Amino acid sequence: MMTSFELANALSTFQRYINWALQDFLNEFCSAYVNNILIFTDESLHQHQNYVWKILLQLWEVGLQIDIDKCEFEVKSIKYLKFILKVRKSVQMNP
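First, a word on what this report is: a plain description of the structure on this page. (Residues numbered from 1 in each chain as written. Predicted model: local features only at pLDDT ≥ 70, side-chain atom pairs only at ≥ 80, totals over all residues. Heavy atoms only, no water.)

## Observations regarding the nonpolar core
A general feature of soluble globular proteins is that nonpolar side chains tend to end up buried together. Leu-22, Phe-29, Cys-30, Ile-39 and Ile-55 are the most contacted members of the largest nonpolar core, which totals 16 residues. Contributing elements (two or more residues each) for this core: helix H1 (10–21), strand E1 (30–33) and helix H2 (45–61). Per element, the largest residue contribution to this core is four residues, and it comes from H2. (Core = buried A, V, L, I, M, F, W, Y, C linked by side-chain atoms within 4.5 Å. Buried < 20%, exposed > 50% of the residue type's maximum accessible area, 1.4 Å probe, protein only. Helix = DSSP H or I, 4+ residues; strand = E, 2+ residues; numbered from the N terminus.)

This is the structure:
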């Protein structure tokens, strides 16, 4: 995350902005912590791709960009915060 000027409490301010930007989707099919956005579903791959499109469109509409090199799409296991999440299997601590 980059801020264009020194902002007191930049992380909490950015978190509020992300929560505002994604408010329609949070806890329905996505989770967001600062610059980590997790999009999840137990539905079809097509529906998951639809959710990804909605998030990307919303981020674009509020003026946010993503670094595609830091993104992972359609994976069965992912490190998120300090956890390893596996599809329909488990949640583990990231060693």
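## What to know about the environment of Arg-16
For Arg-16, the location among the structural elements is in helix H1. Of the residues examined, Arg-16 reaches a relative accessible area of 53% and is grouped as exposed. Residues Arg-16 and Val-34, spaced 18 residues apart in sequence, show a C-alpha to C-alpha distance of 8.7 Å.

## Structural notes on a nonpolar patch on the surface
The grouping of Tyr-33, Leu-81 and Phe-83 at the surface amounts to a nonpolar patch, some 290 Å² of accessible area in total. Turning to its location among the elements, Leu-81 is positioned in the loop between strand E3 (77–80) and strand E4 (83–86). (Patch = residues over 30% accessible without salt bridge, like charges linked within 9 Å, V, L, I, M, F, W, Y side chains within 5 Å. Areas by Shrake-Rupley, 256 points an atom, 1.4 Å probe, with all protein chains shown as cover. Salt bridge = Lys/Arg side-chain N within 4 Å of Asp/Glu carboxyl O.)

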